[in-house]
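Observations on the three-dimensional arrangement
The lines below spell out each chain.
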Amino acid sequence: MNRIRTALLGSIAAAALAACATPMAPPPPSAGMPAPMAQLAPMGMTARPDADMQSVLDALSALGARPIETLTVEQARTQPTPTDAVNRVKAMRGMPTAPDPTVVATDLTYPTAGGTQPVRVYKPAGATGPLPVVVYYHGGGWVIADLNVYDATPRSIARNLNAVVVSVEYRHGPEFKFPAAHDDANNAYQWVLANAASWGGDPARIAVAGESAGGNLAMNVAIAARDKGWTQPRHVLSVYPIADADPQLPSKRENTASLPLRTATLGWFGQHALRSPADMMDPRFNLVGANLQGLPPVTIVNAQIDPLASDGETLAAALRRAGVPVEHQVYDGAVHEFFSMADAVRDAYDAQQWSFGRLRTALRKVTTGAGRGAE
Amino acid sequence: MKRLLIAAAVAALSASGAAHGQEMYGWTPAGTVTPPPPAPVYLMFAGAGDLYEIESSRLVLETTSDAALRRFAQMMVEHHTGTTRAAEAAAREAGFTPAPPMLDAPKAAMVEALRQYDGVERDRLYLSQQMTAHKEALGLQKTYADNGDTPELRTAARNALPIIQRHLAEVERLTAR
């Protein structure tokens, strides 16, 4: 199911269904249904995952992953990841599982909070000339996951945009609670501005991107850059961000049994990442309550079957109210974490092509306001 | 999309009464089916659920080396064969001729997914499917036991409830090992 729900600039009610051309064939349907019959929706999910999405979820279960909120922090950090599931699916399909070798990765560190944290700098092999720069923040609810789990997306950005991509590690809860990750994200951004030229990057052509908790961090870095007078990112790509503290949003009421993220998982992340529930009302967590005026254009990607789907919707609305150019797409039949799975899940391929196209336009080497909205 | 389908289904049901061709049934926050399905639809959903249990459990019995899981899978084959027979008997008692149980597309896909895995991976996927399948089965039987339109089938649904609850508890126990 490659239908995409699109809500463009200002048109809250607009819901255009578009059938997509298919350069990448989805897997064959697993079984035919003999005749039209009444259907029962899946329990605790906004919709049923598409077949290729479901095959990744099946692999995740087969590998032994369990709902995160049933685990200890240590178990959640070490259990099989969606990335492992994608590799399992690729292996079953006879596809290579090694990272794309046309992008070279170098591990470095940046200073923060009296110590250092890792970063991984991705650059297309043999790329020359000053390249645009994208600072990328991984997901994991500020508690789990790392640069390795989220290798695919920054690597794909580097290849697709011919850009230097810096994937940022930051301190996690419960060892370091909110706003430690946010402080690190800002320090990393400033460090990249100062050092990008040494890797062949052009710090004037910079954007920020992130997934989930990292989508929240990317938004916050843009806000900090505006407030503190740093070089502003030209664009923010925020993929299923944590952005709205309201527990009653429709997607949080609907996705009580979805995987790999369900409403209860958000509570588990909050419990380990935040100092107290009061932090949920901090505008860095509750972005819809932040001052969003004067931010660069924002691209928001959401999965339909995700408790955070409504966060993307309310964040897009808040950005529009603040006069910030924003485009938002919801991928039907996709689940949280789908975005990085472009090799295995058709919606992920489409979402990357769409959102990377917007990033590419924003980072074009054109003077005065390139990429500010026009597309 | 789903909401639209349900709305359309509700509208179609209230307009044309008995049409149960292609409606989409959803879930309430309490985990019951909405709208409550009429007898033929209930029989179809319950039959598909039982058949999934039987086919998936047979697949696991072919490959598992987990003794506890084997006992569970054998119990699933027996119990769900029994609940299908009971529902069919109740349906005939109420004057229906129930169609033979058939997997719907999602349940056929679940069985097919199990075939893709072997050994402990199949065991794990089976258990994760069982958790979902039994929660849905519990919701379906509860809905019909409380709101069903045919007394004989309401009794069959009530009788199925404790069986499914025991299965769910066993799935939770096996998963937590």
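Just so you know, these numbers come straight off a predicted model, no measurement behind them. (Residues numbered from 1 in each chain as written. Chains lettered and ligands numbered in written order. Predicted model: local features only at pLDDT ≥ 70, side-chain atom pairs only at ≥ 80, totals over all residues.)

Quick notes on the packing of helix 2 (residues 39-63) of chain B against helix 4 (residues 105-115) of chain B
The relative placement of two packed helices is expressed as an angle between their axes plus a distance between the axes. All names here are of chain B. Packing of helix 2 against helix 4 leaves a shortest axis separation of 10 Å and a crossing angle of 5°. Between helix 2 and helix 4, the crossing angle belongs to the class labelled roughly parallel. Contact residues: helix 2 offers Ala 48, Tyr 52, Glu 55, Ser 56 and Leu 59, while helix 4 offers Lys 107, Met 110, Val 111, Leu 114 and Arg 115. Among the residues making up the contact of helix 2 with helix 4, the classes are represented as six nonpolar, one polar and three charged. (Axes fitted to C-alpha atoms, helices over the stretch in contact; angles between N-to-C directions. Helix = DSSP H or I, 4+ residues; strand = E, 2+ residues; numbered from the N terminus. Parallel < 35°, antiparallel > 145°, perpendicular 65-115°, else oblique. Contact = placed C-beta atoms within 7 Å. Nonpolar A, V, L, I, M, F, W, Y, C, P; charged D, E, K, R; others polar.)

Observations concerning unusual backbone geometry
Here the bond from Phe178(A) into Pro179(A) is cis, since omega is 5°, no more than 30 degrees from zero. Within the secondary structure layout, Pro179(A) lies in the loop between strand 7 (164-168) and helix 5 (180-195). Omega for the bond connecting Thr34(B) with Pro35(B) falls within 30 degrees of zero, at -5°, which places this linkage in the cis form. Looking at the element boundaries, Pro35(B) is found in the loop between strand 2 (33-34) and helix 2. Of note, the phi angle at Ser212(A) is positive, near 60°, even though the residue is not glycine. Tracing the backbone through its elements, the reader meets Ser212(A) in the loop between strand 8 (201-211) and helix 6 (213-228). On the neighbour-count criterion, Ser212(A) (27 C-beta atoms within 10 Å) is buried. The phi dihedral of Tyr240(A) is positive, around 25°, even though this residue is not glycine. (Buried ≥ 20, exposed ≤ 12 C-beta atoms within 10 Å, placed from the backbone.)

Topic: the interface of chain B and chain A
The interface of chain B with chain A comprises 33 residues on the first partner and 22 residues on the second. For the side of chain B that touches chain A, the secondary structure elements donating two or more residues are strand 1 (24-27), helix 2, helix 4 and helix 5 (119-147) of chain B. Per-element tally for the side of chain B that touches chain A: the top contributor is helix 5 of chain B, with seven residues. Looking at the side of chain B that touches chain A, its residues break down into 17 nonpolar, eight polar and eight charged. Bridge analysis of strand 3 (residues 39-40) of chain A against strand 1 of chain B gives two bridges, and the strand direction is parallel. Note on strand 1 of chain B: the bridge partner recorded for Leu40(A) is Tyr25(B). (Pairing = 2+ DSSP bridges.)

A look at the nonpolar core
One finds Val56(A), Val134(A), Val135(A), Ala163(A), Ala218(A) and Phe338(A) to be the most contacted residues of the largest nonpolar core, which totals 147 residues. The element best represented in this core is helix 2 of chain B, accounting for twelve residues. Once residues within four sequence positions are removed from consideration, Ala163(A) is found in contact with Leu131(A), Pro132(A), Val133(A), Val134(A), Ile157(A), Ala158(A) and Leu363(A). (Core = buried A, V, L, I, M, F, W, Y, C linked by C-beta atoms within 7 Å.)

Concerning the sheet that holds strand 1 of chain B
Strand order in the open sheet made by the three strands is 3(A)-1(B)-2(B), with mixed pairing throughout. At either end of the open sheet lies a strand with only one pairing partner, and these are strand 3 of chain A together with strand 2 of chain B. As judged from the two bridges shared by strand 1 of chain B and strand 2 of chain B, these two strands associate in the antiparallel manner. Residue Gly26(B) lies in a different strand from strand 2 of chain B, and its bridge partner there is Thr34(B).

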